[in-house]
Every structure is written in C-alpha cells, then in structure tokens.
Amino acid sequence: MKNDKLLMDTAVLAGEIMLQSGAETYRVEDTMCHILKTSKRQSIEALALMTGIVATINDEKMEQPITAVKNIKERSTNLNNIIKVNEISRKYCGGEILLEEAYERLKQVKEKQYSRMQFNLATIAVAAGFAVMYGGSAADVLATALSGVWLAACMMFAKRIKMSPIFADIFSCAGIAILAMAAKAVLLVGLNLDIVIISAIMPIVPGVAITNAIRDTLQGDYLSGCARILEAFLKAASIAVGIGLGLMLYKTLTGGGIG
C-alpha cells in the first residue's frame, strides 16, 4: 500500500510538471499510465485536463482504491522539463531506476532551473534575435532590445503581484508600442516600427499553445483542445489590444501620428 501511494505521487508529479510545462494532455495521460501500470493492479485510470489531473489505482486485493486529484493553476512553456520527465519515466518503467529515485528526480525537475536574471536576459535576447532575423538594422535591434527589457520587467512584476495574464499582456504590449514610437520620434527617426513591435512581442506569442491545441483536438481530446484554443485566442487578443492601446495612447498624449 505504501508503494502504491508513492507510485501515485510519482505519476501525479510527472503529470503536473508536464502540464505546467505545456505538454499535450494525451502525452500526460500516456506518461502517467505507463508509470501506474508498473503497480500491476487490475484497474489503472489517468485523466488529464488543462486545469487538473485525476488518477486512480484499484484492485480486488486492495482495501480501497487510491485516487489522487491535482489542480493545475500555472502553465507555461518549458520543453526541457517535458523531455526530462519523459526520460525519467522511461528509465523507471524500463527498470533502470527505482521508484524512490524516480520520485526524487522528478522533484528536482520541478525546482526552479533558471534564475530570474537568466530568464530576463533570454527574453531580451529572443526579442533582439527576431529583429535580426526579420532583417532589422542595428537601430531596430537596439530598440527591440530596449522593448525586451520592458517586457521582462513587466513579466517579473506581474508574477510578483500575481496579475492576471491577460492584463499583464495588455500592459506589457502597450508599453512596447509606446517605447517603439518614442524611440522613433526622439532617438531613431529611421526606425522600422513593424520590425521592432513584432520582434518585441514574439517571446509571448502563443505559438506552442496553438500547436498543442490542434494536436489535442486531433487526438480526440476535444475539451482540452477547445480550452487551449480559447487560451491562445485570448492571449493573442490581449497582445493585439495592448499594442493598439499603446499606439492610441501615444498619439493622444503627443498629438502626433502613427507612422
């Protein structure tokens, strides 16, 4: 019974990390089922949704089934975590590591892997990198990097005060638009606004969410697929609203045009 409880904790922890890291629900269920099947119990069930996990182990030899429910409140994209969980799951199911070791390794994966400074620098580098990829000039890359600094600061501030992701995206994107317009008007007259703004918002564009929504839907997970599509649509809409609001505010405050 003790091993069953630890096995359930291990499977739920693996599913939790994968869902929080942006994995598809069918992949989460498959990983959890593979872990739970090592118990050799008659009935194994695992259900993963975007916002929660339900798993059950049952057998006629057991006094009562073991059921676990886990609420998932935070979601992001971390493909490295998904790869690590899959690797630990394969090693455990293949008999290469013990259950206790698998559980301890999963707890290490769940811990914070990057410092806030590393995360912020990566955000700035991604934004500037897209400016280079889109053929921007040195001035465009510099302005995009400055916008990336604003985006990183907004993301850090929003997480600290637990701001709604929708309002955080609107606020940060409005700032990006205002900074881009100000940079063009004050410092860099020849700035390409399209390149600067598009590059600066790329770190928060929900590309992975849209891809996972399609994959979940094709796998028959219509509830999770529709939920992911709605989440991606709201994020894209909040980005568009933020950019439009920023351009409108700048035009109103300065009395200038948008060009």
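Computed from a predicted structure; not experimentally measured.

Re the nonpolar core
Part 1: Within the largest apolar cluster, 35 residues are counted, with the highest numbers of intra-cluster contacts made by Met8 and Leu36.
Part 2: Every element with two or more residues in this core is listed here: helix H1 (2-20), helix H2 (25-36), strand S1 (43-49), strand S2 (52-58), strand S3 (66-71), helix H3 (79-93) and helix H4 (99-110).
Part 3: It is H1 that contributes the most residues to this core, ten residues altogether.
Part 4: The contact partners of Leu36, leaving out residues within four places of it in the chain, are Leu7, Met8, Ala11, Ile44, Glu45, Ala55 and Ile57.
Part 5: Residues Ala177, Ala180, Ala200 and Ile239 belong to the second largest nonpolar core, which totals 19 residues.

A few points about the side chain of Ser39
Part 1: Within the secondary structure layout, Ser39 lies in the loop between H2 and S1.
Part 2: Here Leu36 takes part through its backbone oxygen, which lies 2.7 Å from a polar atom of the side chain of Ser39.
Part 3: With residues near it in sequence (within four places) discarded, Ser39 still touches Asp4, Leu7, Ile44 and Ile57.

Points about the pattern of salt bridges
Part 1: Under the definition given, this model contains eleven salt bridges.
Part 2: The salt bridge involving Asp4 is made with Arg41; its shortest N-O contact spans 2.6 Å. One end of the pair, Asp4, is in helix H1; the other, Arg41, is in the loop between H2 and S1, and 37 residues separate them in sequence.
Part 3: Using a relative accessible area of 6% as the deciding quantity, one classes Asp4 as buried.

Structural notes on empty space enclosed by the protein
Part 1: Under the defined criterion, the tally for this structure stands at one cavity of 30 Å³ or more.
Part 2: For the largest cavity, the full set of lining residues is Thr10, Ala14, Ile35, Val85, Ile88, Ser89, Tyr92, Ala102 and Leu106.
Part 3: Elements represented by at least two residues in the lining of the largest cavity include exactly H1, H3 and H4.
Part 4: The element that contributes the greatest number of residues to the lining of the largest cavity is H3, accounting for four residues.

Quick notes on the rules
- Note that residues are indexed from 1 along each chain, following the sequence as it is written.
- Per-residue local features of the predicted model are confined to residues with pLDDT of at least 70, and side-chain atom pairs are confined, for both listing and counting, to 80 or more; whole-chain, interface and lining totals are unaffected and use all residues.
- Calculated side-chain values reflect all of the structure's heavy atoms, with hydrogen atoms and water omitted.
- For our purposes a nonpolar core is just a set of buried Ala, Val, Leu, Ile, Met, Phe, Trp, Tyr and Cys residues, chained together by side-chain atoms within 4.5 Å.
- Burial classes: relative accessible area under 20% of the type maximum marks a residue as buried, over 50% as exposed, and values in between as partly exposed (1.4 Å probe, protein chains only).
- Numbered from the N terminus, helices here are DSSP runs of H or I no shorter than four residues, and strands are runs of E no shorter than two.
- In what follows, residue pairs with any heavy atoms lying within 4.5 Å of each other are defined as contacts.
- Contacts described as polar in this section are N or O atom pairs within 3.5 Å, which, within protein, must combine one atom able to donate a hydrogen with one able to accept it, while residues neighboring in sequence count only if both atoms come from side chains.
- Between Lys or Arg on one side and Asp or Glu on the other, a salt bridge is scored when a side-chain nitrogen of the former is within 4 Å of a carboxyl oxygen of the latter.
- The pocket and cavity definitions rest on a 1 Å grid over protein atoms only: a 1.4 Å probe that fits but cannot leave marks a cavity, an open set with protein on both sides within 12 Å along at least five of seven lines marks a pocket, and residues lining either have an atom within 4 Å of a point.
- Grid points are joined across faces, edges and corners, and a volume is the space filled by probe spheres set on the points.

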